[in-house]
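A closer look at the structure
Listed below, chain by chain, are the residues.
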Amino acid sequence: MKPDWDKLMDDFKDSPTALVADVDCTAAGQPLCEKYEVRGYPSIKYGDVGDMKDYQGGRSYEDFKKFADESLGPSCGPGENLELCDAETKPKIEAYIK
């Protein structure tokens, strides 16, 4: 799986809207893994940083690529992505950035 994941990371390395990365939960990444309740390895998480979900799809490059192309991209946030926020989240972000 690691070579396929590395290939996907390379595909998305210059993406302005999606991040594909890996974290070593046994080293410096341990606090991040604890925060997102990573219990087994390898684990794949995706989504908004406030609502990470477990990836349940296939583990080949083709599976990863299809999922990433269809599911990763801009999400609610400050700047040009503010319009993607729901009615509850948008005012909170607006207040924070002012």
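Scope of this entry: the structure provided in the associated data block. (Residues numbered from 1 in each chain as written. Predicted model: local features only at pLDDT ≥ 70, side-chain atom pairs only at ≥ 80, totals over all residues. Heavy atoms only, no water.)

Let's shift gears to unusual backbone geometry. A cis amide bond, omega -5 degrees, links Tyr41 with the succeeding residue Pro42. Looking at the secondary structure, you find Pro42 in the loop between α2 (30-35) and β1 (45-46). If you check the backbone angles, Glu37 has positive phi at about 55 degrees while not being a glycine. When you line up the elements, Glu37 lands in the loop between α2 and β1. Overall, the relative accessible area of 52% leaves Glu37 in the exposed class. (Helix = DSSP H or I, 4+ residues; strand = E, 2+ residues; numbered from the N terminus. Buried < 20%, exposed > 50% of the residue type's maximum accessible area, 1.4 Å probe, protein only.)

Moving on: the pattern of salt bridges. For the coordinates displayed, the defined rule picks out nine salt bridges. In this structure, Lys2 and Asp6 form a salt bridge, with 2.8 Å as the shortest nitrogen-oxygen distance. Note that Lys2 and Asp6 are positioned in helix α1 (residues 2-12) at a spacing of four residues, about one turn of the helix. When the shortest N-O distance is used, the salt bridge between Glu88 and Lys92 registers 3.5 Å. This pair shows no difference in class: Glu88 is exposed, exactly as Lys92 is. (Salt bridge = Lys/Arg side-chain N within 4 Å of Asp/Glu carboxyl O.)

All told, the structure shown has one disulfide when counted by the stated rule. A disulfide bridge connects Cys25 with Cys33, and the sulfur atoms are separated by 1.8 Å. Every disulfide takes its handedness from the sign of the S-S torsion; for Cys25 and Cys33 that torsion is -75 degrees, giving left-handed. An identical accessibility class is assigned to Cys25 and Cys33; each is buried. (Disulfide = S-S within 2.5 Å.)

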